[in-house]
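Observations on the three-dimensional arrangement
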Amino acid sequence: MADPLRALFDSLDADGSGKIERQELEKALRALGVRADSVAMILAVDADADQRIDWREFEKSFAHLREAGRPLSPHALLATWSALGAGVHVGGDLSGSASPPAGTPLWRFALAGSLGGAASRLATAPLEKLTIVMQLSGRTGLASMRRAARDVAARDGVRGFWAGAATNALRVGAFGGAVCVGYSQALARTPADAALDAREPLWRASAGALAGLGATLATHPLDVVRTRLTAARTAPTPWRAARALMAEEGMRGLFRGLTPACLSVVPFSLYDTSKAAMTSVAAIEPSAALFAACGVVAGVSAQTCVYPLDVLRRRMQTASHADESSRTLRGALRGLLQAGGPRALFAGIVPTWLRVAPAAATSLLVRDAVLGRLSK
């Protein structure tokens, strides 16, 4: 009896070379009216990184379709394949795809992503320290960044640049794992033919937003404590900072700045847009350097779009108990504009831009290294 999965592979391998190339996959997608990112689809299944899919890679990724006992069709196959290649980028706390590659257990991918995110924040902690210092002081520009660095070094020494870094690493690690699990679970509950539907991007955006909001709610107290530790002139422990805040304001204090934090949770679709433009319009061949460049472009663009919300969040999180007005979004915005004008909404954005590339690189390197170790 003929293998239906092999028959599907052969139908996609139009030139009979024994490997499915990107051009062949794109032709099949167009013929069936499926809108998907062929580059991401190839990468999701391409185990040997030769940018082509052989039978062994194909069978390993889609054998479960054969075992499910349901009729196999080109539409069903491409729907499943496009889901493997799709990823969502949420806020600034998750680098890379939020859905695991083919054959990778969800727990393993979530753990690797969490460790990668935590490592990236530890590596770029000095730039995050400068960002928060400049946000709270209303400073902008490179000269102000150098001045802020001198102030931190003079007051706290080198260790001062890592104040609150451990708490932030814990927060980002938990955030990354929560988004990965939440996104995968939310996506699993979308309509079965969502990848073939014209509303497919909306399904993915909704799943990403729900996952991001859930992760933000779960980890926001750690973000508040981290901000307090980073802004403090003394060096309290995370537990002492949390206890002091709760003694002053109760549990509510641990959720200061939650509104702008939730508003800034947006899908980073610019990554897929820039990647598609470079590979399709500019005819640039896929490569690690290309995707790294797309990630940096998307990261800088998205961070810039939501940056005013980040500034307001920090202002709200560090406002004193007596400063009632700055503890609300409207009050913080009014006070910020009165003190520094619209420019104050982008205070500290220079170190944020400088942080994007090394943070993304560290996160992806550590994630891939952990996945490699766990796969042995």
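Overview of the structure. (Residues numbered from 1 in each chain as written. Predicted model: local features only at pLDDT ≥ 70, side-chain atom pairs only at ≥ 80, totals over all residues. Heavy atoms only, no water.)

**Quick word on the overall build of the protein**
To keep things clear, this is the line we draw: Secondary structure counts use DSSP, requiring at least four H or I residues in a row for a helix and at least two E residues in a row for a strand, with both numbered from the N terminus. Per-residue accessibility, obtained with a 1.4 Å probe over protein chains only, is compared with the maximum for each type, and a residue is labelled buried under 20%, exposed over 50%, and partly exposed between these values. We call two residues in contact whenever any of their non-hydrogen atoms come within 4.5 Å of each other. Computed with the Shrake-Rupley method and a 1.4 Å probe, the accessible areas treat only the protein chains shown as cover for residues.
Across its full length, the protein holds 16 helices and 2 strands. Relative to its full complement of 376 residues, the protein shows a buried share of 45%. In the protein, the proportion of contacts linking residues at least 24 apart, taken out of those at least 6 apart, comes to 71%. For the protein, the accessible area works out to roughly 18000 Å², and carbon and sulfur atoms hold 62% of it.

**Some remarks on the packing of helix H7 (residues 125-137) against helix H8 (residues 141-156)**
Quick reminder of the rule: What counts as an axis is a line fitted to C-alpha atoms, over the stretch in contact for a helix, and the angles between N-to-C directions run from 0 to 180 degrees. Every angle not falling under 35 degrees, over 145, or within 65 to 115 is termed oblique; those three ranges are roughly parallel, roughly antiparallel and roughly perpendicular. Lys, Arg, Asp and Glu make up the charged group, whereas Ala, Val, Leu, Ile, Met, Phe, Trp, Tyr, Cys and Pro make up the nonpolar group; the residues left over, Gly among them, are polar.
The interhelical angle for the contact between H7 and H8, taken along N-to-C directions, is 105°, at an axis separation of 10 Å. With respect to each other, H7 and H8 are oriented roughly perpendicular. For the pair H7 and H8, the contacting residues are Lys 129, Leu 130, Val 133 and Met 134 in the first and Gly 141, Ser 144, Met 145, Ala 148, Ala 149, Val 152, Arg 155 and Asp 156 in the second. Here the contact of H7 with H8 is composed, by residue class, of 7 nonpolar, 2 polar and 3 charged.

**So, helix H15 (residues 329-340)**
The condition is simple: For a helix, the expected span equals 1.5 Å multiplied by the number of residues minus one. The directions from the helix axis to the C-beta atoms are what the arc is built from.
Helix length check: H15, at 12 residues, gives a terminal C-alpha distance of 16 Å against a target of 16 Å (1.5 Å per residue), a fit within 8%. Listed in full, the buried residues belonging to H15 are Gly 331, Ala 332 and Leu 336. One face of H15 carries all of its buried residues, which in axial projection span an arc of 130°. Residues of H15 that are exposed and point over 90 degrees away from its buried face: Arg 330 and Gln 338. Backbone geometry just downstream of H15 places Gly 341 in the positive-phi region, at approximately 75°.

**A look at the nonpolar core**
Quick note on the threshold: Definition of nonpolar core: a set of buried residues of the types Ala, Val, Leu, Ile, Met, Phe, Trp, Tyr and Cys, connected through side-chain atoms within 4.5 Å.
Counting 21 residues, the largest nonpolar core has Ile 20, Leu 25, Phe 58, Phe 62 and Trp 81 as its most contacted members. Counting residues in hydrophobic clusters, the runner-up holds 9 residues, among them Leu 312, Met 316, Leu 336 and Ala 344.

**Re a nonpolar patch on the surface**
Let me state the cut-off plainly: Residues qualify for a patch when their relative accessible area is over 30% and they have no salt bridge, like charges being joined within 9 Å and the nonpolar side chains of Val, Leu, Ile, Met, Phe, Trp and Tyr within 5 Å. Throughout this description, the term salt bridge denotes a Lys or Arg side-chain nitrogen within 4 Å of a carboxyl oxygen of Asp or Glu.
Residues Trp 107, Leu 111 and Leu 115 make up a contiguous nonpolar surface patch of about 300 Å² in total accessible area. With respect to the helices and strands, the residue Leu 111 is situated in helix H6 (residues 106-123).

**Regarding the side chain of Ser 114**
Mapping Ser 114 onto the fold places it in helix H6. Classification of Ser 114 by relative accessible area gives buried; the value is 14%. Those residues within four positions of Ser 114 in sequence are excluded, and the remaining contacts are Gly 173, Gly 176 and Gly 177.

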